[in-house]
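Here is what each chain is made of, one letter per residue.
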Amino acid sequence: MEPELISKKELLELTGISYGQLYRWKRKKLIPEEWFIRKSTFTGQETFFPKEKILARIEKIKELKDELSLDELAGVFAPNPAAVVLTREEIVKRHIVSDLVLQWLDDEWGGRQDVSFAELLSLYIVDRLLRSGEISIEEGKNIWRMFGSHYPKLQGKSCELVVLRKMGVTVSFLVEGTAALHVEEGAKLIARLHVPTYIEELKLAISEG
């Protein structure tokens, strides 16, 4: 389902911020570039935003901007993923993934405590798929292992996770960029997830802990 969008004009009126503030926050990377969506309307080209995400982000910026500088805020919203390492305890405290998915860590890694951002990202995405009801636990484990094996080759690049099912057999893979998919007849597209979107969500979940 496509996220509900809000126009730039509506956003400025609703939040009470100025055009200058909005673009200053964009330059400082407080608001991700990909949230600025250009669309053709009857009046010409207009900018829209994912409504729920942009309103939550602006609320958070307004709440923190008196305590932190814009550079410090940028660090809050955009931590360097490569440098992020969380302990199992921190993941539990922030409610980032379900207990079921956390148990996989224990089963697979024998109680290892430190989890890198890339490792946590794979758990976070699979947890979201499981919560949607679209995949089984066993399929989730296979997707998690596939992601862990191949994502390091694509880290830092825009990519998508694609999950297909045909005659009860599920296949998952990562695609660099946003290539058009042409699948054989009878195959059902279970999920097509834009990985950078989940990176942003996970960064925010970490920063809000």
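Residue numbers here run from 1 along each chain, matching the order of that chain's written sequence. Residues qualify for local features only when their pLDDT is at least 70, as the model is predicted, and side-chain atom pairs are given and counted only at 80 or more; totals for whole chains, interfaces and linings, by contrast, use all residues. Hydrogens and water molecules were not included; the side-chain quantities draw on all heavy atoms of the structure.

*Asks:* Go over the overall build of the protein, please, and point to the residues and values.
*Replies:* Helical segments are the DSSP runs of H or I of at least four residues, strand segments are the runs of E of at least two, and each set is numbered from the N terminus. The secondary structure content of the protein amounts to nine helices and eight strands. If you line up the protein on its principal axes, its C-alpha atoms span 50 × 45 × 30 Å. Looking at the 209 residues of the protein, the share that counts as buried comes to 39%. We call two residues contacting when some pair of their heavy atoms lies within 4.5 Å. Relative to all contacts within the protein whose residues are 6 or more apart in sequence, the contacts with residues 24 or more apart total 61%. Only four residue types enter the charge count: Lys and Arg as positive, Asp and Glu as negative, with His and the chain ends excluded. A single reference atom marks each charge: NZ on Lys, CZ on Arg, CG on Asp, CD on Glu. Here the protein carries 30 positive and 33 negative side-chain charges, and the mean point of each set is 4 Å from the other. Only protein chains enter the area calculation, which uses a 1.4 Å probe; residues under 20% of their type maximum are buried, those over 50% are exposed, and those in between are partly exposed.

*Asks:* Go over the sheet that holds strand β3 (residues 44-50) with me, naming the residues and quoting the values.
*Replies:* A pair of strands is considered paired only if DSSP assigns at least 2 bridges between the two. Reading across the sheet, the three strands line up as β1-β3-β2 and stay open at both edges, with antiparallel pairing between neighbours. Whereas interior strands pair on both sides, the edge strands pair on one side only; in this sheet they are β1 (5-7) and β2 (37-41). Ignoring strand direction, the axes of neighbouring strands in this sheet form an average angle of 45°. Sheet analysis places β1 next to β3, joined by three bridges and oriented antiparallel. Bridge assignment links Ile6 to a residue of β3, and that residue is Phe49. For every element, the axis is a line fit to its C-alpha atoms; helices are fit only across the contacting stretch, and the angle between N-to-C directions ranges from 0 to 180 degrees. Contacting β1 and β3, helix α3 (residues 51-64) runs over the sheet at an angle of about 70° to β3.

*Asks:* So what's going on with unusual backbone geometry? Residues and values would help.
*Replies:* The phi torsion at His95 lies on the positive side, around 55°, for a residue other than glycine. Structurally, His95 is set in the loop between α5 (88-93) and α6 (99-109). Although it is not a glycine, Met167 sits at a positive phi angle of roughly 50°. Checked against the element boundaries, Met167 lands in the loop between β6 (159-166) and β7 (169-176).

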